[in-house]
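# Close look at the chain arrangement
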Amino acid sequence: MSQRGRIAPLDARTVADMENLLAQVQNVVSVKIVTDHFGHIQEVHAVAEPGTNPKTVVRDFEAVLFTRWNIRIDRRKISVALLKDPNPPPAQPPRLRIRYMGLKVTGMEAEARVELVTPMQTGEGRAYGLATQSNRLRLMSEATLSAVSRFLQEGYHLVLEDIRSKSVGD
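In what follows, the accompanying structure is described. (Residues numbered from 1 in each chain as written. Predicted model: local features only at pLDDT ≥ 70, side-chain atom pairs only at ≥ 80, totals over all residues. Heavy atoms only, no water.)

## Some remarks on the sheet that holds strand 3 (residues 78–82)
- An order of 1-2-3 is seen for the three strands of this open sheet, with the pairing classed as mixed. The open sheet has two free edges, formed respectively by strand 1 (28–35) and strand 3, since each of these has just one partner strand. Along the sheet, successive strands turn relative to each other by an average axial angle of 15°, direction set aside.
- Where strand 1 meets strand 2 (residues 41–48), seven bridges bridge the pair, whose relative direction is antiparallel. The residue bridging Lys32 from the neighbouring strand is His45, located in strand 2.
- The strands that helix 1 (residues 12–22) touches are strand 1 and strand 2; relative to strand 1, the one it contacts most, it runs at about 155°.
- Contacts from helix 2 (residues 54–69) reach strand 1, strand 2 and strand 3, with the element oriented near 140° to strand 3. (Pairing = 2+ DSSP bridges. Helix = DSSP H or I, 4+ residues; strand = E, 2+ residues; numbered from the N terminus. Axes fitted to C-alpha atoms, helices over the stretch in contact; angles between N-to-C directions. Contact = heavy atoms within 4.5 Å.)

In structure tokens form, the structure reads like this:
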């Protein structure tokens, strides 16, 4: 590390001024400069906000020290610690997988059954009704919504208002 352009050792006030200016670098929370008994910089420690690129902070510190005080410092003497995000994004719930889907027709009656799973939970839904061609899609949809509702927080409900089948392409 060289501190060219600076003959006199750094005094406590200059070190405090440096710490204050470096703390103004974007995303930096705090800075501490460690000097030896001759007043030469030995280490620079910084705490930065989550998501900050430490290399960017190091380059910014090098630029500030050089342009303001004509001090060149070896980047290996600068350490940057990142704070933990106090509000991390919520963990994504596991995706639902279809274990079983089926429609059982007995005479004029039909029973639709759907079973959905995650690594920790299983949800089953059933729907009963007339076995007409147009009602079968509705029964499968209602059974699916019933199975999905097993994974929802209490107080949430899914309701099927309408369903249609559309052909796409040949």
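## Some remarks on the packing of aromatic side chains
- For the structure shown, the criterion picks out zero aromatic pairs.
- When the ring centre of Phe66 is taken as origin, the NZ or CZ atom of Arg72, which lies over that ring, is 4.1 Å away. (Phe/Tyr/Trp six-rings, centres within 6.5 Å; stacked < 30°, edge-to-face > 60°. Lys NZ or Arg CZ within 6 Å of the ring centre and 35° of its normal.)

## Some remarks on the environment of Glu62
- Within the secondary structure layout, Glu62 lies in helix 2.
- Judged by relative accessible area, which is 18%, Glu62 ranks as buried.
- For the pair Glu62 and Leu22, spaced 40 residues apart in sequence, the C-alpha to C-alpha distance is 9.7 Å.
- For Glu62, the contacting residues outside a window of four places in its chain are Ile71, Ile73, Arg75 and Ile78. (Buried < 20%, exposed > 50% of the residue type's maximum accessible area, 1.4 Å probe, protein only.)

## A word on the environment of Ala147
- Mapping Ala147 onto the fold places it in helix 3 (residues 133–149).
- Judged by its relative accessible area of 0%, Ala147 is buried.

## A closer look at the side chain of Ser146
- Within the secondary structure layout, Ser146 lies in helix 3.
- For Ser146, a relative accessible area of 18% puts it in the buried group.
- For Ser146, the residues in contact, after removing those within four places along its chain, are Glu124, Gly125 and Arg126.

## Brief notes about the pairing of strand 4 (residues 97–106)
- By the criterion of burial, strand 4 is predominantly exposed, with just one of the 10 residues buried.
- Bridge analysis of strand 4 against strand 5 (residues 109–117) gives nine bridges, and the strand direction is antiparallel. Its bridge partner being in strand 5, Met101 is matched across the sheet by Val114.
- From the end of strand 4 to the start of strand 5, which pair antiparallel, there are two residues, and Gly107 there has a positive phi angle of about 65°.

## Quick word on the pattern of salt bridges
- Inspection of every chain in the model, using the stated rule, returns 10 salt bridges.
- As a salt-bridge pair, Asp162 and Arg164 come within 3.4 Å of each other at their nearest N and O atoms.
- Linked through salt bridges whose partners overlap, the residues forming this network are Arg99, Glu111, Arg113, Glu115, Glu124 and Arg126. (Salt bridge = Lys/Arg side-chain N within 4 Å of Asp/Glu carboxyl O.)

## Structural notes on helix 3
- Between its terminal C-alpha atoms helix 3 stretches 25 Å, which fits the 24 Å expected from 17 residues at 1.5 Å a residue.
- Asn135, Leu139, Met140, Ser141, Ala143, Ser146 and Ala147 are the residues of helix 3 that are buried.
- In this structure, the buried side of helix 3 is in contact with strand 4, strand 5 and strand 6 (122–130). (Expected span 1.5 Å × (residues − 1).)

## A word on a nonpolar patch on the surface
- Nonpolar side chains collect at one region of the surface, where Leu152, Tyr156 and Leu158 lie side by side and expose about 290 Å² of accessible area between them.
- With respect to the helices, strands and loops of the structure, Leu152 is situated in the segment after helix 3. (Patch = residues over 30% accessible without salt bridge, like charges linked within 9 Å, V, L, I, M, F, W, Y side chains within 5 Å. Areas by Shrake-Rupley, 256 points an atom, 1.4 Å probe, with all protein chains shown as cover.)

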